[in-house]
Amino acid sequence: MERPAICGGNPVRDTKIFYGHQYLDQADYDAVLDVLKSDYLTCGPKINELEAKLCEITGAKYAVVCSNGTAALHMAAMAAGIKEGDELITTPITFAASANCALYCGGRPVFADINEKTYNIDPSSVEEHITPATKAVVAVDYTGQAVELDRLLSICHKHNLVLIEDGAHSIGTKYNGKGVGSIADMTTFSFHPVKTITGGEGGAVLTNSEEYYQKLLLARSHGITRVPELLENETDGPWYYEQISLGYNYRMTDIQAGLILSQLNKLDMFGKRRKELVEHYNKAFADNDAIVVQEEIPESDTVRHLYILRLNLEKLTINRREFFDALAAENICCNVHYIPVYYFPHYKRLGYTKGLCPKAEKLYDEMITLPLYYGMSNRDCDDVIRAVLKIAAYYHKE
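This structure is a prediction, so every number in the text was calculated from the model and none was measured. (Residues numbered from 1 in each chain as written. Predicted model: local features only at pLDDT ≥ 70, side-chain atom pairs only at ≥ 80, totals over all residues. Heavy atoms only, no water.)

> Kindly report on the overall build of the chain, identifying the contributing residues and their values.
Scanning the chain from N- to C-terminus turns up 13 helices and 17 strands. Whereas a compact globule of 398 residues would reach a radius of gyration of roughly 21 Å, the chain reaches 22 Å, a difference of no more than 12%. For the C-alpha atoms alone, the extent of the chain along its principal axes is close to 80 × 55 × 40 Å. Taking all 398 residues of the chain together, the buried fraction comes to 56%. When the accessible area of the chain is evaluated, it comes to approximately 17,500 Å², of which 51% is carbon and sulfur surface. The chain carries 40 positive and 53 negative side-chain charges, and their two centres are separated by 4 Å. (Helix = DSSP H or I, 4+ residues; strand = E, 2+ residues; numbered from the N terminus. Rg over C-alpha atoms; globule rule 2.2 N^0.38 Å. Buried < 20%, exposed > 50% of the residue type's maximum accessible area, 1.4 Å probe, protein only. Areas by Shrake-Rupley, 256 points an atom, 1.4 Å probe, with all protein chains shown as cover. Lys, Arg positive; Asp, Glu negative; His and termini not counted. Charge placed at Lys NZ, Arg CZ, Asp CG, Glu CD.)

> With reference to specific residues and values, describe a nonpolar patch on the surface.
A surface patch of nonpolar side chains, amounting to about 260 Å² of accessible area, comprises Leu33, Leu36 and Leu41. Checked against the element boundaries, leucine 41 lands in the loop between α1 (26–36) and α2 (45–58). (Patch = residues over 30% accessible without salt bridge, like charges linked within 9 Å, V, L, I, M, F, W, Y side chains within 5 Å. Salt bridge = Lys/Arg side-chain N within 4 Å of Asp/Glu carboxyl O.)

> Summarise the sheet that holds strand β15 (residues 307–311); cite the residues concerned and give the values.
Pairing in this open sheet of 3 strands is antiparallel, and the strands run β13-β15-β17 from one edge to the other. This sheet does not close on itself; its edge strands, each paired only once, are β13 (291–292) and β17 (367–370). Of the pairings in the sheet, the one linking β15 to β17 comprises 4 bridges and is antiparallel in character. Counterpart to arginine 310 in the pairing with β17 is methionine 367. Packing against the sheet, helix α9 (residues 267–285) makes contact with β13, β15 and β17, and its axis sits at approximately 15° to β15. (Pairing = 2+ DSSP bridges. Contact = heavy atoms within 4.5 Å. Axes fitted to C-alpha atoms, helices over the stretch in contact; angles between N-to-C directions.)

> Pulling in residues and values, what's your account of the packing of α2 against helix α8 (residues 254–264)?
Direction vectors running N to C along α2 and α8 enclose 30°, while the axes themselves pass 8 Å from each other. What the angle tells us is that α2 and α8 run roughly parallel. α2 and α8 meet at a crossing whose hand is left-handed. Across the interface between the two elements, Pro45, Lys46, Ile47, Glu49, Leu50, Lys53, Leu54 and Ile57 from α2 touch Asp254, Ala257, Gly258, Ile260, Leu261 and Leu264 from α8. (Parallel < 35°, antiparallel > 145°, perpendicular 65-115°, else oblique. Left-handed = near helix turned anticlockwise from the far one by under 90°.)

> How would you summarise the pattern of salt bridges if you had to cite specific residues and measurements?
Under the criterion given, the structure shown has 22 salt bridges. Put simply, arginine 310 and glutamate 366 hold a salt bridge, and the shortest N to O gap is 2.8 Å. Of this pair, arginine 310 sits in strand β15 while glutamate 366 sits in helix α12 (residues 358–366); the two residues are 56 residues apart in sequence, bridging distant segments of the chain. Take arginine 310: its relative accessible area is 7%, and that puts it in the buried class. Take glutamate 366: its relative accessible area is 9%, and that puts it in the buried class. Several salt bridges share partner residues, and in doing so they unite Arg13, Arg379, Asp380, Asp383 and Arg386 into one network.

> Talk me through empty space enclosed by the protein; I want residue IDs and the actual numbers.
Using the criterion set out here, one finds 2 cavities of 30 Å³ or more in the structure. Roughly 70 Å³ of volume is contained in the largest cavity. Around the largest cavity, the lining residues are His21, Gln22, Tyr23, Pro193, Lys195, Thr196, Thr198, Gln263, Phe270, Arg274, Tyr373 and Tyr374. For the lining of the largest cavity, the residue count by class is 5 nonpolar, 5 polar and 2 charged. Estimates place the volume of the second largest cavity at around 30 Å³. Of the residues assigned to the lining of the second largest cavity, the class counts are 4 nonpolar, 3 polar and 1 charged. (1 Å grid on protein atoms, 1.4 Å probe; cavity = no way out; pocket = protein on both sides within 12 Å on 5 of 7 lines; lining within 4 Å. Points joined across faces, edges and corners; volume = space filled by probe spheres on them. Nonpolar A, V, L, I, M, F, W, Y, C, P; charged D, E, K, R; others polar.)

Right under this line is the structure:
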């Protein structure tokens, strides 16, 4: 016997649907197997091949792939020269790594508020938070929508700051016709399984600067180099290398690179389907006064990683948690992205308090992440919509 849904009747579907899921096909399996049968499992030819492919797709001059998206952010912060006493401005509506990368380098994150319509970092708030200690800005392409790159670049150039675009959500997105990855001083990507493209794990930093490129290479691999022009001493032979700075082991394996290369061949297909699903959601929710649809700037041709359902709680008799639970009872298993970073105990111990970014905090109280991934069927999407509208109607204020 089916368990009744919270707002009455049977659930809209019998099986659970989750907010994200990777898509793999035979080409992906074959790509991994080819690497496993090759001479190189790491530090091999697939790394250079993937870096060249990322440059081709985005239009960036240089790409440095690494072990994950957090490593990419750390490497970018290192290349930007973040050190003790420096400040890095970012958004609180992001995964913690966007801020943690400053802490890794001895710097301090500073949180700017968001645009309440697009949910991306507000350039005006960024400028308000600039001090003599500010060194860089990490602007997150939240949900996959590009940040206001023109305004942010103008602000950063005016104040001599480095703009790092956290593109963990936005591979495939274009800004004024240019690929994300080719515009900011540095752009980071993530290849986690729920992202548009996956390698199981993996990350990358893209840049048009040769100076940053060389620093990123050193940061990725222990600060070690064999480049003759960078060596300080006379070589002992062909085996010779030097550690010329402090770096980390942030290398990507060829196994990951082979899978990501195969996935990139499907990027247009993945992007097209995600756009179809987003359009279907937007049309279904557009005229419901209990739901707020995320707005998009005209400059961003977005490949959406996340779909955010924002509740107009003034029109509902329940709160976000109760709406979330009601969706789960309908077998729609969602998530929330993200808890404001400075809410976490570690950040509280560093002196951060609630109230820093009122618009971001209000968004957090009102948002739920709905399912969105390439393998979703039209029926899946319709079930999510039916569940949302059913709950919104049941708990709508008279």
